[in-house]
Amino acid sequence: LAQTGGTFHSTAFKWLRMLGRVESGFSIVDDKDLKKLVKIGLSSEDQSELTSAGLSLNDLMQIRSLSVNLQKPISEVMTRFFPQVMLYTDIVESLLGRLAKQKAKAGMFDFDDILLEWLNALRSADGDNIRNAYDYVIVDEYQDTSRIQVDILQQLASKHGNIMAVGDDCLL
C-alpha cells in the first residue's frame, strides 16, 4: 500500500504534471509577481477606473482569490466583502478576465490557479484516476481549509468515503 503526503498545493501540482494539465516551461507566480503582471496589463484607463472605484491592485487580487477560495462568483464576493464598490463589478470582472488570459499566455499559475485546476481535473474524466490512487484521505489542520479545499477533499473521498480530518477545536 503506497502512501503519499503533502500540502494541497504540492499534491495538486504533482497531479497536474502527471495529467499533462500544465505545460513544460510554465511558472508559479507569487503575489509580488502577479502584481507586476497586473500592472503591465492595466491600461491607463483601467488604472483610472480602479482609482475612481477606490480599489487598489491588492483589492483586485483579493477579490479574485476570495472568488476562487470561496467558490463564489466575483459579483457575490464584491457584494459581501466590497459592497462600497459593487457598481464596478463589470470592470473588475473584465480586468480579472484579461489577467487570466495574460497568465495563461505567459504560462503562469498562481497558487489559487493550482487548486482550481486540480478541482477541475477531479470533476473531469481524469477524476476517477485521481480518486483511485487513494483509499484513505487524512487532513491535518482542517480548521484552516478553504471552501475550494473542502470541495477537493469531497471529490477525493467521493468513491470510498474514507476521510479523517483533525484540527483545533478552539479558535481564538
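Up top you'll find the structure we're talking about.
Residues numbered from 1 in each chain as written. Predicted model: local features only at pLDDT ≥ 70, side-chain atom pairs only at ≥ 80, totals over all residues. Heavy atoms only, no water.

Some details on the overall build of the protein
Counted only if it meets this: Under the scheme used here, helices are H or I runs from DSSP no shorter than 4 residues and strands are E runs no shorter than 2 residues, and both carry numbers assigned from the N terminus. Exposure classes here rest on a 1.4 Å probe applied to the protein chains alone. A residue is buried below 20% of its type maximum, exposed above 50%, and partly exposed in between. For this analysis, residues touch if any pair of their heavy atoms sits within 4.5 Å. Counting rule applied: Lys, Arg positive; Asp, Glu negative; His and chain ends not counted. Charged side chains are reduced to one point each, which is NZ for Lys, CZ for Arg, CG for Asp and CD for Glu.
Broken down by element type, the protein carries nine helices and four strands. Its helices and strands in sequence order give the protein the pattern α-β-α-α-α-α-α-β-α-α-β-α-β, from N to C terminus. Expressed along its principal axes, the backbone C-alpha trace of the protein runs to roughly 55 × 40 × 25 Å. Within the protein, the proportion of its 172 residues that are buried is 37%. Across the protein, every contact between residues at least 6 apart in sequence was considered, and the portion connecting residues at least 24 apart equals 69%. Positive and negative side-chain charges in the protein, numbering 18 and 24 respectively, have mean positions lying 4 Å apart.

Concerning a nonpolar patch on the surface
Stated precisely, the cut-off is as follows: Like charges are joined within 9 Å and nonpolar side chains (Val, Leu, Ile, Met, Phe, Trp, Tyr) within 5 Å, but only among residues with over 30% relative accessible area and no salt bridge; these make up the patches. Accessibility throughout is a Shrake-Rupley quantity obtained with a 1.4 Å probe, and a residue counts as covered only by protein chains that appear here. The term salt bridge refers to a side-chain nitrogen of Lys or Arg lying within 4 Å of a carboxyl oxygen of Asp or Glu.
Where nonpolar side chains cluster on the molecular surface, the patch consists of Ile 138, Met 164 and Val 166 and spans about 290 Å² of accessible area. Along the chain, Met 164 falls in strand β4 (residues 163-165).

Quick word on unusual backbone geometry
Although it is not a glycine, Gln 71 adopts a positive phi angle of roughly 55°. With respect to the secondary-structure elements, Gln 71 resides in the loop between α4 (57-70) and α5 (74-81). Overall, the relative accessible area of 27% leaves Gln 71 in the partly exposed class. Even without being glycine, Glu 141 reaches a positive phi, approximately 55°.

Focus: the pattern of salt bridges
Taken as a whole and assessed by the stated rule, the structure comprises 11 salt bridges. Two residues, Asp 151 and Arg 123, come together in a salt bridge whose shortest N-O distance is 3.9 Å. Here Asp 151, found in helix α9 (residues 147-157), pairs with Arg 123, found in the loop between α7 (111-122) and α8 (127-132); they are 28 residues apart in sequence, far enough to count as distant. In this structure Asp 151 comes out as buried when scored by relative accessible area, which is 12%. Asp 128 is paired through a salt bridge with Arg 131; the nearest N and O atoms lie 3.3 Å apart. Here Asp 128 pairs with Arg 131, and both are found in helix α8, just three residues apart, close to one helical turn. Here Asp 128 falls in the partly exposed class, since its relative accessible area comes to 46%. By relative accessible area, Arg 131 is classed as buried at 10%. One connected set of salt bridges, linked through shared partners, spans Arg 64, Lys 103, Asp 110, Asp 112 and Asp 113.

Side note on the nonpolar core
Cut-off, in case you're wondering: To define a nonpolar core, start from buried Ala, Val, Leu, Ile, Met, Phe, Trp, Tyr and Cys residues and group those joined through side-chain atoms within 4.5 Å.
Counting 23 residues, the largest nonpolar core has Trp 118, Ile 130, Ile 152 and Leu 156 as the members making the most contacts within it. Among the elements of the structure, α1 (8-18), α7, β3 (137-139) and α9 are those that each provide at least two residues to this core. Residue contributions to this core peak at six residues, all from α7. When near neighbours in sequence (up to four residues on either side) are disregarded, Ile 130 contacts Trp 15, Leu 19, Trp 118, Ala 121, Leu 122 and Leu 156.

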